[in-house]
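# Inside the fold
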Amino acid sequence: MKDTFKHKGLRQKLVAVLKAKGITNNDVLDAIGKIPRHLFMDSSFLDHAYQDKAFPIAADQTISQPYTVAFQTELMQVKRGDKVLEIGTGSGYQTAVLCELGAKVYSIERQHELFKLTSRFLPKIGYRAKKLIFGDGYKGLVEEAPFDSIIVTAGAPFVPKPLLAQLKIDGRLVIPVGDNVQTMTLFVRKGQTEFEKTEFGEFRFVPLLEDKN
Ligand code: SAH
């Protein structure tokens, strides 16, 4: 579990790649420049950790592509102290980005194996989410609502109503919507029942699943 000069150098190159692809938020770029992504991956993929690609993690899931992580995080417009909800903890990489930005992070994972692995791993490298939850992200986390922003890191066949309902006014939901290919979608809550919807490009995620194993 080492972070070397070589890793740091590769990370700075990755940050340059993300900038070239259009990511402009310096806090997001700094977070990606700091977090040792290679430690979130299976050892067999270590050489690939700083390529702008998604890779397999445990339980047939993936660690999202850095560009996707940066793009979604930028859309959340996280401010220090924000209360944020993540659906799909997975490797915990996105969780770590949100922690770096100073957010109070609640993150839900439905696969017990990943939940256990990531719950042990994140504090080991110094990232403390407010709470990691084993459960179903379709329901959100009503007992901690409302949130400044919510990010869904799996492909959602539809927009779960509880997630919209758990946003503060001016709160932001960033969610990839679609079956095989997903459209990145931003909802900003304008009032009790009003939401402003903006669609961005197409992305590919593992599916948001409804039933637990
Ligand atoms: N944010 C993660 C991405 C992991 S991939 C990272 O940075 O590594 C998406 C994750 O969503 C997977 O771990 C998958 O198990 C989880 N997932 C799928 N359906 C879910 C649901 N209904 N509730 C919570 N998590 C879910």
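Scroll up for the structure.
What comes next concerns the included structure. (Residues numbered from 1 in each chain as written. Predicted model: local features only at pLDDT ≥ 70, side-chain atom pairs only at ≥ 80, totals over all residues. Heavy atoms only, no water.)

### Comments concerning the pairing of strand 3 (residues 83-87)
The element strand 3 is extensively covered by neighbouring structure, given that four of its five residues are classed as buried. Examined bridge by bridge, strand 3 and strand 4 (residues 104-109) share five bridges and lie parallel to one another. Residue pairing across strands places L85 opposite Y106, the latter belonging to strand 4. In terms of handedness, the path from strand 3 via helix 4 (residues 93-100) over to strand 4 forms a crossover that is right-handed. Pairing geometry for strand 3 and strand 6 (residues 147-152), over four bridges, is parallel. Considered in strand 6, the bridge of L85 is made with I150. (Buried < 20%, exposed > 50% of the residue type's maximum accessible area, 1.4 Å probe, protein only. Helix = DSSP H or I, 4+ residues; strand = E, 2+ residues; numbered from the N terminus. Pairing = 2+ DSSP bridges. Right-handed = clockwise from strand over helix to strand, strands pointing away.)

### Description of the pattern of salt bridges
Summed over the entire model, instances satisfying the criterion amount to nine salt bridges. One salt bridge in this structure joins D136 and K139, with 3.4 Å as the shortest N-O distance. Overall, K139 belongs to the exposed group, its relative accessible area being 55%. (Salt bridge = Lys/Arg side-chain N within 4 Å of Asp/Glu carboxyl O.)

### Focus: the site of the ligand
Taken together, 27 residues are adjacent to the ligand, and G88, S91, E109, G137 and L209 come closest. In the environment of the ligand, a nitrogen atom lies 3.0 Å from a nitrogen or oxygen atom belonging to the side chain of E86. Measuring from a nitrogen atom of the ligand, one finds a backbone N or O atom of R110 at 3.4 Å. Considered on its own, the ligand offers 580 Å² of accessible surface; in the complex 100% of this is hidden by protein. Judged by the proximity of its atoms to the pocket grid, the ligand belongs to the largest pocket. Broken down by secondary-structure element, the contributors of at least two residues to the shell around the ligand are strand 2 (62-63), strand 3, helix 4 and strand 4. In terms of residue class, the shell around the ligand is made up of 11 nonpolar, 12 polar and four charged. (Near = heavy atom within 4 Å. Polar contact = N/O pair within 3.5 Å; in protein donor to acceptor, adjacent residues only side chain to side chain. Areas by Shrake-Rupley, 256 points an atom, 1.4 Å probe, with all protein chains shown as cover. 1 Å grid on protein atoms, 1.4 Å probe; cavity = no way out; pocket = protein on both sides within 12 Å on 5 of 7 lines; lining within 4 Å. Sits in = over half its atoms within 2 Å of the grid points. Nonpolar A, V, L, I, M, F, W, Y, C, P; charged D, E, K, R; others polar.)

### A closer look at the layout of surface pockets
Of the volumes computed, that of the largest pocket is approximately 450 Å³. Forming the boundary of the largest pocket are 34 residues, of which Q61, G88, T153, A154 and V206 lie nearest the centre. Every element with two or more residues in the lining of the largest pocket is listed here: strand 2, helix 3 (66-76), strand 3, helix 4 and strand 4. The class makeup of the residues in the lining of the largest pocket is 14 nonpolar, 15 polar and five charged. Of the voids in this model, the second largest pocket is the one considered here, and its volume is about 300 Å³. Looking at side-chain class alone, the lining of the second largest pocket contains nine nonpolar, two polar and three charged residues. (Points joined across faces, edges and corners; volume = space filled by probe spheres on them.)

### Considering the sheet that holds strand 4
Taken in spatial order, the seven strands of this open sheet run 5-4-3-6-7-8-9, and their pairing is mixed. Of all strands in the sheet, those with a lone pairing partner are strand 5 (131-134) and strand 9 (195-203), marking the two edges. Strand-to-strand, the axes of this sheet are offset by a mean angle of 15 degrees, without reference to chain direction. Inspection of the sheet shows strand 4 paired to strand 5 by four bridges, in the parallel sense. Bridged to I108 within strand 5 is I133. In the packing of helix 3 onto the sheet, the strands contacted are strand 3, strand 6, strand 7 (167-177), strand 8 (182-189) and strand 9, and the crossing angle to strand 7 comes to about 160 degrees. (Axes fitted to C-alpha atoms, helices over the stretch in contact; angles between N-to-C directions. Contact = heavy atoms within 4.5 Å.)

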